[in-house]
Amino acid sequence: MAQRLLAAVLAAVLLLGPWQHPGRQGDNGVLLAAGQGLAVTPDNLGAGQLAVVTEMNVFEDALELAAELSGGRGLRGRRGSGNLGAGGVTTVKDMQQLQLASYAVAASPKVWRPKRLPPVRDQGVCSTCVAEATATIVQMAIASALKESTANWDIDARSLYYCSLKGRTCKTGWDLPDALKYIVDQAPELLRPADCLGSIPRKEYPDITDWEPKCEAARQRAAAGSCSSTADKITREKPLLKCSYRSLSNFYQMQQHIRNHGAIVSRMIVNDDWEVQFNESARNVSGLQWPAYTRNVSAKAVFGHAVALVGYDNENYQWIGINR
């Protein structure tokens, strides 16, 4: 099989084109499409002054949310203390940012559900969430670009994690910036199928203190084209995939990237009430059917966790993620 070199964009910013959303015919024959924060229907925009004001207030809230760098609900612009209130725009750069947010918000859907999802991974008791989330978003990016199933692109999180640094064990952990930089700039050959490393019982992972022999054997198999799922020879000079990444600073960029490329990787704080809401009874229910996590006011942060975000719901101020 000829060597195939594909580019997987992990987190890039692209200009947003008009979102083609199913709409309805208005009374004047114009096709009306609902964008984020604007329900442009004859009932809402033609039912009198109050309905129009209400719709514009909702849109302003969505716009302020998109313009915020740190997130959180809007609702401040009309009171004059937020980004969109009096004195909120003081420079040309602020105005450009506000205009871009306006276009992005008005032309994008309020809710985005994932279309191509890889199998949910299981990190067990190991601190491998960064590698698991990174492998997931690579799968999502390739599947999104090629319009095919994520099952066609097996990316092994174990190779990313255990074979990237000598001495790393189940409990070592990894930071997102370090992981992305290493995978993209130093070791792209680690983006390879799981059968290169071979089958190892998960229960043995915590007891393995030296992964180097296994990683070296995987490197040799990949370089020789001997991994059973691909005949491609995978080396540092000729990796199976070439990726790039970029930090995204605000909500509309993040949501735009999810729509264009399938997913982004982010960090979340897991509080001590997490297992109360996602208890044993949640295991047999789809995540999209289970109630969204809501932090208890008395909950305390326990640890940081990497997660792949694959959708959003701006009507309810929610992100949709794949957890492990």
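All of these numbers come straight from a predicted model, not from anything done at the bench. All residue numbers refer to position in the chain's written sequence, counted from 1. Only residues with pLDDT of 70 or above have their local features reported here, since the model is predicted, and side-chain atom pairs are shown and tallied only from 80 upward, although totals for entire chains, interfaces and linings are computed over all residues. The basis for every side-chain value is the complete set of non-hydrogen atoms in the structure, without hydrogens or water.

This part covers helix 7 (residues 212–223). Runs of H or I in DSSP of at least four residues are treated as helices and runs of E of at least two as strands, each being numbered from the N terminus. Expected helix span is computed as 1.5 Å times (number of residues minus one). Across its 12 residues, helix 7 extends 16 Å between first and last C-alpha, which sits within 8% of the 16 Å expected from 1.5 Å per residue. Buried positions along helix 7 lie against helix 5 (157–162). The contact criterion used throughout is that any non-hydrogen atoms of two residues lie within 4.5 Å.

Another aspect to go through is the nonpolar core. Only buried residues count toward a nonpolar core, which is a set of Ala, Val, Leu, Ile, Met, Phe, Trp, Tyr and Cys residues joined through side-chain atoms within 4.5 Å. Residue burial is assigned from relative accessible area. The probe radius is 1.4 Å, only protein chains are included, and a residue is buried under 20% of its type maximum, exposed over 50%, and partly exposed in between. Ranked by internal contacts, the top residues of the largest apolar core, which has 48 residues, are Leu160, Tyr162, Trp174, Leu191, Trp211 and Leu241. At the level of secondary structure, the elements contributing two or more residues to this core comprise helix 4 (129–146), helix 5, helix 6 (176–186), helix 7, strand 5 (241–244), strand 7 (301–313) and strand 8 (318–322). If you tally residues by element for this core, the top one is helix 4, at 9 residues. One finds Trp112, Met254, Ile258 and Ile264 within the second-largest nonpolar core, a separate group that totals 9 residues.

For helix 6, the set of buried residues is Leu176, Ala179, Leu180, Ile183 and Val184. Take helix 6 and look down its axis: the buried residues cluster within an arc of 105 degrees, on one side only. Directions drawn from the helix axis to the C-beta atoms are what define this arc.

Moving on, we come to unusual backbone geometry. Positive phi is not limited to glycine here, since Lys147 has a value of about 55 degrees. In this structure Lys147 comes out as exposed when scored by relative accessible area, which is 59%. One non-glycine residue, Tyr317, lies in positive phi territory at about 55 degrees. The exposure class assigned to Tyr317 is partly exposed, which follows from its relative accessible area of 29%.

Let us look at the state of the cysteines. Criterion for a disulfide: a pair of cysteine sulfur atoms at a distance within 2.5 Å. In the structure shown here, the tally under the stated rule is 3 disulfides. A disulfide bridge connects Cys126 with Cys170, and the sulfur atoms are separated by 2.0 Å. Taking the torsion about the S-S bond as the criterion, the Cys126 to Cys170 disulfide, at about -105 degrees, is left-handed. Residue Cys126 is found in the loop between strand 4 (111–112) and helix 4, and its partner Cys170 is found in the loop between helix 5 and helix 6; the two are separated by 44 residues along the sequence. Classification of Cys126 by relative accessible area gives buried; the value is 5%. Within the chain, bonded cysteines paired by disulfides and numbered along the sequence follow the pattern 1-3, 2-5, 4-6.

By salt bridge we mean one thing: a side-chain nitrogen of Lys or Arg within 4 Å of a carboxyl oxygen of Asp or Glu. Under the defined criterion, the tally for this structure stands at 5 salt bridges. Between Arg236 and Glu189 there is a salt bridge, with the nearest N and O atoms lying 2.7 Å from each other. Here Arg236, found in the loop between helix 7 and strand 5, pairs with Glu189, found in the loop between helix 6 and helix 7; they are 47 residues apart in sequence, far enough to count as distant. In this structure, Glu216 and Arg219 form a salt bridge, with 2.6 Å as the shortest nitrogen-oxygen distance. Within this pair, Glu216 and its partner Arg219 are both found in helix 7, separated by 3 residues, close to a single helical turn. Given the relative accessible area of 27%, Glu216 is considered partly exposed.

On to the side chain of Arg121. Locating Arg121 in the fold gives a position in the loop between strand 4 and helix 4. Under the relative-accessibility criterion, Arg121 is labelled buried at 15%. Within the structure, Arg121 has its side chain in polar contact with the side chain of Thr136 (distance 3.2 Å). A distance of 2.9 Å separates the side chain of Arg121 from the backbone oxygen of Ile155, its partner in a polar contact. In contact with Arg121, not counting residues within four places along its chain, are Glu132, Ala135, Thr136, Gln139, Ile155, Ala157, Asn323 and Arg324. Two N or O atoms count as a polar contact when they lie within 3.5 Å, although within protein this holds only if one can serve as hydrogen donor and the other as acceptor, and sequence-adjacent residues are included solely when both atoms are side-chain atoms.

Another aspect to go through is the pairing of strand 8. Across 5 bridges, the pairing between strand 7 and strand 8 is antiparallel. Paired with Tyr312 across the two strands is Trp319, which belongs to strand 8. By the convention used here, strands pair only if DSSP detects at least 2 bridges between them. Following strand 7, the chain reverses through 4 residues before pairing antiparallel with strand 8; Tyr317 in that reversal takes a positive phi of roughly 55 degrees.

Glancing now at the packing of aromatic side chains. Between rings of Phe, Tyr and Trp, where Trp is taken as its six-membered ring, a pair exists when centres lie within 6.5 Å; planes separated by under 30 degrees are stacked, by over 60 edge-to-face, and by other angles tilted. Taken as a whole and judged by the stated rule, the model has 7 aromatic pairs. For the ring pair Tyr162 and Tyr205, a centre distance of 6.2 Å and an interplane angle of 70 degrees mean the geometry is edge-to-face. One end of the pair, Tyr162, is in helix 5; the other, Tyr205, is in the loop between helix 6 and helix 7, with 43 residues separating them in the sequence. Across this residue pair, the class does not change: Tyr162 and Tyr205 are buried.

On average, residues of the chain carry a pLDDT of 76, and 72% of them reach 70 or more. Confidence scores labelled pLDDT are given residue by residue by the predictor and lie between 0 and 100. Segment residues 69–87 is flagged for pLDDT under 50; beyond a separation of four residues in sequence, or across chains, it makes 38 contacts in the model.

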